[in-house]
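Each chain, written out:
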Amino acid sequence: GKMKLGTFEIYPVTDSDIHLDGGAVFGIVPRVMWEKAYPPDEKNRIPLSLLCPLIVTRKYTMLIDTGIGTKHNDKFRQIYGIEKKSTLLESLHQFGYKPKDIDLVINTHLHFDHAGGNTILNKKGGIVPAFPRARYLIQKGEMEAAINSNERTRASYITEDFLPLDNPQYLSLVNEDIVEVDKGISLIKIGGHTRHHQCVKIESEGHVAFFLGDLVPTAAHLHYPYISGYDLFPLETLENKKKVLRQAFEEHWLLIFQHDPKVRMGYLKKINGRFEVEEVKNFKCNARLVLGFTHV
């Protein structure tokens, strides 16, 4: 179900799971340290969720990221273990929304598991925007990096996910470090995973939720040494993660994890000097919980 954050509604829209190599997900942390919490399959892959929250404000209906999409061939699906329990559009539909209801699509970055659902195949086999009325908000530097990929980054970007949007009717390139797209909804550029990766801060009536994207993809990554092997600038990830998590802890933000197979969201607590997450399980009790906080 949905949750309320002040006057906003947040729906846990999802594009099912992807399976990625556990060693790549956890970087330099040895398998023996992570395998109990995230048991890998026979190919050493772990399941990761593809959470794409839908946020409804008085002015806009907006989607953060679009998952991996449905344009891929069998070989790609096998490599990344894509078994769709339900697609992004089916998940949206379950909450009563259609593609044409979406006003804004925010891409944290353009890797294929975050931007794959930006576009779809139409009946003629052409690639078109999946959300015909939406503007897609993408960091300008991220778009440039995606178009001018190199040998290290090429496998992460699929041009069919973003080049069909290259029309001013669809595309809004963001060229600032912080931009408020609606009252209380801010895009904040926080590099590390990619140089121009952006997180989303959601504030209403004194409550703050923060969508971490790939800055902290799972709850395990709250622990500072856990930095994904996919991160292009791991030391920037480290510095930025420290800054964000300290502020989130001090200001009691609700953190939303994009890829954690078990923990969707929660508040930070400190145990023996390191951050852990106090999971907020179901959205309904969370609505009462969030609204129950009085700010002094």
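In case you missed it, the structure is sitting above this.
From a predicted model like this one, the values you see are computed outputs, not experimental measurements.

So, how was this worked out
- Residues numbered from 1 in each chain as written.
- Predicted model: local features only at pLDDT ≥ 70, side-chain atom pairs only at ≥ 80, totals over all residues.
- Heavy atoms only, no water.
- Helix = DSSP H or I, 4+ residues; strand = E, 2+ residues; numbered from the N terminus.
- Rg over C-alpha atoms; globule rule 2.2 N^0.38 Å.
- Buried < 20%, exposed > 50% of the residue type's maximum accessible area, 1.4 Å probe, protein only.
- Areas by Shrake-Rupley, 256 points an atom, 1.4 Å probe, with all protein chains shown as cover.
- Contact = heavy atoms within 4.5 Å.
- Salt bridge = Lys/Arg side-chain N within 4 Å of Asp/Glu carboxyl O.
- Patch = residues over 30% accessible without salt bridge, like charges linked within 9 Å, V, L, I, M, F, W, Y side chains within 5 Å.
- Lys, Arg positive; Asp, Glu negative; His and termini not counted.
- Charge placed at Lys NZ, Arg CZ, Asp CG, Glu CD.
- Pairing = 2+ DSSP bridges.
- Axes fitted to C-alpha atoms, helices over the stretch in contact; angles between N-to-C directions.

Participant: Which parts of the structure should I look at to understand the overall build of the chain?
Facilitator: Regarding its fold elements, the chain presents 8 helices and 18 strands. Taken over C-alpha atoms, the radius of gyration comes to 18 Å for the chain, in line with the 19 Å a tight globule of 296 residues would show. With the principal axes as the frame, the chain shows a C-alpha extent of 55 × 45 × 35 Å. Among the 296 residues that make up the chain, the fraction classed as buried is 56%. When the accessible area of the chain is evaluated, it comes to approximately 13,700 Å², of which 53% is carbon and sulfur surface.

Participant: What am I meant to see in the environment of P39 here?
Facilitator: Relative to the elements of secondary structure, P39 occurs in the loop between α2 (31-34) and β4 (45-51). A sequence separation of 17 residues divides P39 from G22, and the C-alpha atoms of the two residues are 8.7 Å apart. Once residues within four sequence positions are removed from consideration, P39 is found in contact with R45, I46 and P47.

Participant: Is there a simple way to explain unusual backbone geometry in this structure?
Facilitator: A negative phi angle characterises most non-glycine residues, just as the trans form characterises most peptide bonds. At D65, a position not held by glycine, the phi torsion is positive, near 65°. Position of D65 among the secondary structure elements: in the loop between β6 (61-64) and α3 (74-79). Under the relative-accessibility criterion, D65 is labelled buried at 0%. Although it is not a glycine, E205 sits at a positive phi angle of roughly 50°. Locating E205 in the fold gives a position in the loop between β14 (198-204) and β15 (207-211).

Participant: How should the pattern of salt bridges be read in this particular structure?
Facilitator: Two side chains of opposite charge can pair, provided their charged atoms sit close to one another. Overall, the coordinates contain 14 salt bridges when judged by the stated rule. As a salt-bridge pair, D103 and R133 come within 3.1 Å of each other at their nearest N and O atoms. One end of the pair, D103, is in the loop between α4 (88-94) and β7 (104-106); the other, R133, is in the loop between β9 (127-129) and β10 (135-139), with 30 residues separating them in the sequence. For D103, a relative accessible area of 18% translates into the label buried. E278 is the salt-bridge partner of K269, the closest N and O atoms lying 3.9 Å from each other. On the basis of relative accessibility, which here comes to 28%, the residue K269 falls in the partly exposed class. Linked by salt bridges that have partners in common, K2, K4 and E9 make up one network.

Participant: Explain a negative patch on the surface here, please?
Facilitator: Together, E180, E203, E250 and E251 line one region of the surface with negative charge. Of the residues examined, E180 reaches a relative accessible area of 52% and is grouped as exposed.

Participant: Before we go on, may I ask you to explain the sheet that holds β15 in this structure?
Facilitator: Where strands meet in a sheet, backbone hydrogen bonds hold them as pairs that are either parallel or antiparallel. Judged by pairing direction, the sheet is mixed, and its 7 strands sit side by side in the order β12-β13-β14-β15-β16-β17-β18 without closing on themselves. In this open sheet, the two strands that pair with only one neighbour each are β12 (178-182) and β18 (274-279). Across the sheet, the mean angle separating the axes of adjacent strands is 30° when strand polarity is ignored. Relative to strand β17 (residues 265-271), strand β16 (residues 254-256) is paired through 2 bridges, and the arrangement is antiparallel. Residue L255 lies in a different strand from β17, and its bridge partner there is G266. The sheet strands contacting helix α7 (residues 234-250) are β14, β15, β16, β17 and β18, and the helix crosses β17 at an angle near 95°.

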